[in-house]
Amino acid sequence: MTVTHGEARLSSTARRPSRPHRAGAVARRQRLVAYMLLAPAVLVLVVLAAYPLVFSGVLSFKVDPLYNPDVAHFIGWRNYEDLFDNKRFWKSVRLTLTWAAVVVTIQMVLGFFIAVLLDRQMRGAGLLRALFIIPVFVSPIAMGLTWRFIFEPVSGLANWILNTGFGLEKLSWLSHKDSALTTLMIVDCWQWTPFVALILLAGMQSISPEITEAARLDRVRGFTYYTRIVIPLIRPVIMVVILIRLVDSIRIFDLNWVMTEGGPGSATLMASVYDYTIFKQGHLGLMAAYGFLILILINIIVVAFLNSLYRTEKAARIAELN
Amino acid sequence: MWGMNTKQAINLLAVVVVILWLIPVIWVAINSIKPTNIINAPIPTFYSFTPTVEHYIEIFDRFQFDRAIFNSLVTVGVSTLIVMILALPAAYAVARMGLMRGDTWALVILSLRFMPGVVIVLPYFKMANWLGIHDTQILLIIVYVAFGLPFAVWILRGFLLDLPKEVEEAGRLDGLGWIQIIFRLILPMAAPGIAVTTIFTFVFSWNEYLFALFLTTSKATTMPVALQKTIDIYNVLWGSLSAGAMIQLLPMVIVVFLLQRHIARGLALGAVK
């Protein structure tokens, strides 16, 4: 880099910490600048995200009909009590947790295998990865509606392939209460397995060649190579992917709403969609209460995860990424 | 097997998996240029039809998709710009300025991203009604800034931490002030990270549905909401839906294609740093 003389003089303060008390002053000034740089973002987040959160919390103790806001008043814990007394609420919690556990497990396992599959030197590997990441970036609405079309019982592509291609019975997919949730899971895994696979792949590719070479010399390969060397090394990446996917699965709304609206019956009525139906009935206080319960659930999971992650992360940090 | 060794067989498997995975996307593309009577025929076909642009015309004529595209571009574009302007200094501060508890700041900021949309949307809904800004682009821009900012800071921080520790030191030795160090050294070196973060912020809002559904009715409707209007109980227009979906998907696919390598790396960096 070239620096002209004039520019060098402009920034002479940074070059002058020769006397000892100046070093402290410079550090203090830098800290001040750091807080100034951080302040706008934090301020915006407090106003736009934290404040609405508090507002929602207050609302959850009120009765506040959407179509008749004038009668709004505080009712204490009634909204929460109503939820806990409601069978449908408990069913939606159960459904959501089952959903999250199943889809995240499938996505992690499948994503890991596909990452292994793509973690190799071959011509066109970059192109393959670029193609594979597409599902992550396409809109869940566009694809959810398209999947609905694919799962049409009579003329859909899925049944046609089953029937004509493999000679199997046609399935009811989204239109039956026993198969709707599984069908949704298939679509969610279609969309998010590539996300998991590509982050794990990036983690795998950051393992230094020396480690790979040492493993090869020690004849550690195949299954053992992955369980003994790769997985421990990329553990922080794995944990963060699980965390992101877990939170997003619990919050699931888009796919759930455009593909089934919680039906048939209440077979796929998961937390966010259930909360939206409460909104449509106009019970804003009740909606806020349920939203808050989802938030608490997510926070418990996040805190538990981050605890276990940061306890080991410092020790097991991947050397090459530093 | 057929003269292939194991390595070639695995390569072939990788190719097959990826192609099978993309069938739904290919299916949208094909249906968007298929005549309606063939779309509704009981036997699906991938190729035996005469291509048509009727659905692309219909999505504009009947569903005002031009307005949806315009709204999406404005709300998502402006909010992404604001997010980046706020996120860059913040990420730099938590990543490289020796801020006390920089990690904690980053975590607190990220934790806001974990809020369920249904909790946050309600206050905005009420606020919009008081202020009379329901169904406006301003409202969506505000919400998208709130939701895009945490993740943007998080990913950028990963990229900035990944730059060599000596950058600022070298700049200082060359006599640069910190403003110059940021603009002449850090920003150019972090360019891929900035690009990836911009893409992520853009895509999240571009595909966002819940807020758009709650906070718009007709004037400020974005593409995902407009898209859903092609489907109601009486009338399922698969052709128009596919055409609209293509218009929404294509720009994302192109951008992702160009930045694929950096995207996965960026997420992994955010994860381990």
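Conventions we followed
- Note that residues are indexed from 1 along each chain, following the sequence as it is written.
- Working convention: letters from A go to chains and numbers from 1 go to ligands, in the order in which they are written.
- Note on the predicted model: pLDDT of at least 70 is required for a residue's local features to be given, and 80 or more for side-chain atom pairs to be given and counted; whole-chain, interface and lining totals, by contrast, use all residues.
- Helix numbers and strand numbers start at the N terminus; a helix is a DSSP run of H or I with at least 4 residues, a strand a run of E with at least 2.
- Whether two residues are in contact depends on their C-beta atoms, placed from the backbone: they are in contact if these lie within 7 Å.
- Three exposure classes are used, all based on how many other C-beta atoms lie within 10 Å of a residue's own C-beta (placed from the backbone): buried at 20 or more, exposed at 12 or fewer, and partly exposed between those limits.
- Fitted lines through C-alpha atoms serve as axes, helices being fitted only where they are in contact, and the angles separating the N-to-C directions of these axes extend from 0 to 180 degrees.
- Should an angle lie under 35 degrees it is considered roughly parallel, over 145 roughly antiparallel, and from 65 to 115 roughly perpendicular; all remaining angles are considered oblique.
- Helix crossings are classified by the rotation of the near helix relative to the far one: an anticlockwise turn of less than a right angle makes the crossing left-handed, while a clockwise turn makes it right-handed.
- Under the convention adopted here, Pro, Cys and the residues Ala, Val, Leu, Ile, Met, Phe, Trp and Tyr are nonpolar, Asp, Glu, Lys and Arg are charged, and Gly plus all remaining residues are polar.
- The domain limits used here are those given by an automatic or database domain assignment.
- A set of buried Ala, Val, Leu, Ile, Met, Phe, Trp, Tyr and Cys residues, joined through C-beta atoms within 7 Å, is what we mean by a nonpolar core.
- For every residue, the predictor states its confidence as a pLDDT score lying anywhere from 0 to 100.

## Let's talk about the overall build of chain B
Okay, step 1: A tally of regular secondary structure across chain B gives 14 helices and zero strands.
Okay, step 2: Looking at chain B alone, contacts between residues at least 24 apart form 76% of all its contacts between residues at least 6 apart.

## Quick notes on the overall build of chain A
Okay, step 1: For chain A, the count of helices and strands is 16 helices and two strands.
Okay, step 2: For chain A, the residues scored as buried account for 39% of the 322 residues in total.
Okay, step 3: For chain A, contacts bridging at least 24 residues in sequence account for 68% of all contacts bridging at least 6.

## As for the packing of helix H5 (residues 87-118) of chain A against helix H10 (residues 180-205) of chain A
Describing two packed helices takes the angle between their axes plus the distance from one axis to the other.
Residues and elements named next belong to chain A.
Okay, step 1: Contact geometry for H5 and H10: axes closest at 7 Å, N-to-C directions at 45°. Judged by the angle between their axes, H5 and H10 are oblique. For the pair H5 and H10, the sense of crossing is right-handed. Residues Val102, Val103, Ile106, Gln107, Met108, Leu110, Gly111, Phe112, Ile114, Ala115 and Leu118 of H5 lie in contact with H10, whose contacting residues are Met185, Asp188, Cys189, Trp192, Thr193, Val196, Ala197, Leu200, Leu201 and Met204.
Okay, step 2: Across the contact of H5 with H10, the residue classes break down as 17 nonpolar, three polar and one charged.

## Digging into the interface of chain A and chain B
Okay, step 1: The interface of chain A with chain B comprises 83 residues on the first partner and 83 residues on the second.
Okay, step 2: Sort the elements by how many residues they give to the side of chain A that touches chain B and helix H3 (residues 20-59) of chain A lands first, with 16 residues.
Okay, step 3: Its residues assigned to classes, the side of chain A that touches chain B comprises 64 nonpolar, eleven polar and eight charged.

## Details of the domain arrangement of chain A
Okay, step 1: Entries for chain A in the domain assignment read domain 1 (13-59) and domain 2 (79-321).
Okay, step 2: One C-alpha centre belongs to domain 1 of chain A, the other to domain 2 of chain A, and the line joining them spans 36 Å.

## Some remarks on the nonpolar core
Okay, step 1: If you look at the biggest cluster of nonpolar residues, it comprises 170 residues, and the most contacted ones within it are Leu200(A), Ala87(B), Ala90(B), Ala91(B), Val143(B), Leu149(B) and Val153(B).
Okay, step 2: When residues of this core are sorted by domain, at least three fall in each of domain 1 (13-59) and domain 2 (79-321) of chain A.

## Here we look at the environment of Val63(A)
Residues and elements named next belong to chain A.
Okay, step 1: Looking at where Val63 falls in the secondary structure, it is placed in strand S1 (residues 62-63).
Okay, step 2: Of the residues examined, Val63 has 16 C-beta atoms within 10 Å and is grouped as partly exposed.
Okay, step 3: Along the backbone, Val63 and Asn79 are 16 residues apart, and their C-alpha atoms lie at a distance of 7.8 Å.

## Let's talk about the confidence of the model for chain B
Where the model shows low pLDDT, its predicted coordinates should not be examined in detail.
Okay, step 1: Confidence along chain B averages 85 in pLDDT terms, with 94% of residues attaining 70 or more.
Okay, step 2: Both scores are given for the predicted complex: the pTM is 0.86, the ipTM 0.86.

## Digging into unusual backbone geometry
Okay, step 1: Cis peptide bonds are those with omega within 30 degrees of zero, and the linkage from Gly263(A) to Pro264(A) qualifies with -5°.
Okay, step 2: Its place among the elements puts Pro264(A) in the loop between helix H14 (254-259) and helix H15 (271-280).
Okay, step 3: One non-glycine residue, Glu261(A), lies in the positive phi region at around 55°.
Okay, step 4: Along the polypeptide, Glu261(A) turns up in the loop between H14 and H15.
Okay, step 5: According to the C-beta neighbour criterion, Glu261(A) is partly exposed, with 13 such atoms within 10 Å.
Okay, step 6: At Asp135(B), a residue that is not glycine, the phi angle is positive and equals roughly 65°.

## Some thoughts on the packing of H10(A) against helix H13 (residues 235-250) of chain A
Residues and elements named next belong to chain A.
Okay, step 1: Remark: H10 packs on H13, axes separated minimally by 10 Å, with the N-to-C direction vectors making an angle of 160°. It follows from the interaxial angle that H10 and H13 lie roughly antiparallel. Seen from above, H10 lies across H13 with right-handed handedness. Of the residues in H13, those in contact with Trp192, Val196, Ile199, Leu200 and Gly203 of H10 are Val237, Ile238, Val241 and Arg245.

## Focus: the confidence of the model for chain A
Residues and elements named next belong to chain A.
Okay, step 1: For chain A, per-residue confidence averages 83 on the pLDDT scale, and residues scoring 70 or more make up 89% of the total.
Okay, step 2: Looking across chain A, the model is least confident in helix H1 (residues 5-10), with a mean pLDDT of 39, and most confident in H5, with 94.
Okay, step 3: Confidence over residues 1-19 falls short of pLDDT 50; this stretch has 22 contacts with residues more than four positions distant or in other chains.

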